[in-house]
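Residue-level structure breakdown
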Amino acid sequence: QVQLAESGGGLVQTGGSLRLSCAASGGTFSGYVMGWFRQAPGKEREFVAGISGSGGTTGYADSVKGRFTISRDNAKNTMSLQMNSLKPEDTAVYYCSADPSGPIPYVIRPPRRKYDYWGQGTQVTVSS
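Structure report, in brief.

What counts, and at which threshold
Residues numbered from 1 in each chain as written. Predicted model: local features only at pLDDT ≥ 70, side-chain atom pairs only at ≥ 80, totals over all residues. Heavy atoms only, no water. Phe/Tyr/Trp six-rings, centres within 6.5 Å; stacked < 30°, edge-to-face > 60°. Helix = DSSP H or I, 4+ residues; strand = E, 2+ residues; numbered from the N terminus. Buried < 20%, exposed > 50% of the residue type's maximum accessible area, 1.4 Å probe, protein only. Core = buried A, V, L, I, M, F, W, Y, C linked by side-chain atoms within 4.5 Å. Pairing = 2+ DSSP bridges. Axes fitted to C-alpha atoms, helices over the stretch in contact; angles between N-to-C directions. Contact = heavy atoms within 4.5 Å. Polar contact = N/O pair within 3.5 Å; in protein donor to acceptor, adjacent residues only side chain to side chain.

**Some details on the packing of aromatic side chains**
The description of an aromatic ring pair uses the distance of the two centres, along with the angle that the planes make with each other. Going through the model one piece at a time under the given rule, you end up with four aromatic pairs. Centroid distance Phe-37 to Phe-47: 5.6 Å. Interplanar angle 75°. Geometry classified as edge-to-face. With Phe-37 in strand E4 (residues 32-39) and Phe-47 in strand E5 (residues 46-51), this pair connects stretches of sequence that are ten residues apart. In this pair, the class of Phe-37 matches that of Phe-47, namely buried. Judged by centre distance (5.1 Å) and plane angle (75°), the rings of Phe-37 and Tyr-115 are edge-to-face. Residue Phe-37 is located in strand E4, and its partner Tyr-115 is located in the loop between strand E9 (92-100) and strand E10 (117-118); the two are separated by 78 residues in the primary sequence. The buried category is assigned to Phe-37, whose relative accessible area is 7%. Among the residues examined, Tyr-115 registers a relative accessible area of 8% and is labelled buried.

So, in structure tokens, the structure goes:
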């Protein structure tokens, strides 16, 4: 069973950048599809980006495509989300998540991919 811990959140101005990190422990990291989700106040949690166990397949929400980049380092059991050109609407708590790859390792988007493991979240605030 994998445990996840996010870091790297903070306060940034519009147009700025932040890099979030997720450290995983307790499982075979390369055997998990990894994802980032976010939840803004009063809104449902939404998928932001996902990456397959090998790192060869990635996917993004339309709202962040071209601005955010997801990556992973299986040797270090870490995943990152580089966020550029941040906007106030990116303000949210960002969650790292994981799901065993199983028989569909290249499926990374919910609802077909059901993420079972979650970190505690890290706050990202973008000021206008």
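Now that the structure is up, let's keep going.
**As for the nonpolar core**
In terms of nonpolar packing, the biggest core is built from 30 residues, with Met-34, Trp-36, Met-79, Leu-81, Met-83 and Tyr-94 touching the most fellow members. Looking at this core, the elements that each hand over two or more residues are strand E3 (18-25), E4, E5, strand E7 (68-73), strand E8 (78-83), E9 and strand E11 (122-127). Counting residues in each nonpolar core, the second largest holds five residues, with Phe-37, Phe-47, Ile-108 and Tyr-115 among its members.

**Quick notes on the sheet that holds E3**
Strand order in the open sheet formed by four strands is E1-E3-E8-E7, and the pairing between neighbours is antiparallel. Strands with a single pairing partner mark the edges of an open sheet, and in this sheet they are strand E1 (3-7) and E7. With direction set aside, neighbouring strand axes in the sheet form an average angle of 15°. Relative to E8, E7 runs antiparallel, the two sharing six bridges. Bridged to Ile-70 within E8 is Leu-81.

**Overview of the environment of Glu-6**
Tracing the backbone shows Glu-6 in strand E1. We classify Glu-6 as buried; its relative accessible area is 14%. The residues touching Glu-6, leaving out its near neighbours within four places in the chain, are Ser-21, Cys-22, Trp-36, Tyr-94, Tyr-95, Cys-96, Gly-119, Gln-120, Gly-121 and Thr-122. In terms of polar contacts, Glu-6 uses its side chain to reach the backbone amide nitrogen of Gln-120, at 3.1 Å. In this structure the side chain of Glu-6 is engaged in a polar contact, spanning 2.9 Å, whose partner is the backbone nitrogen of Gly-121.

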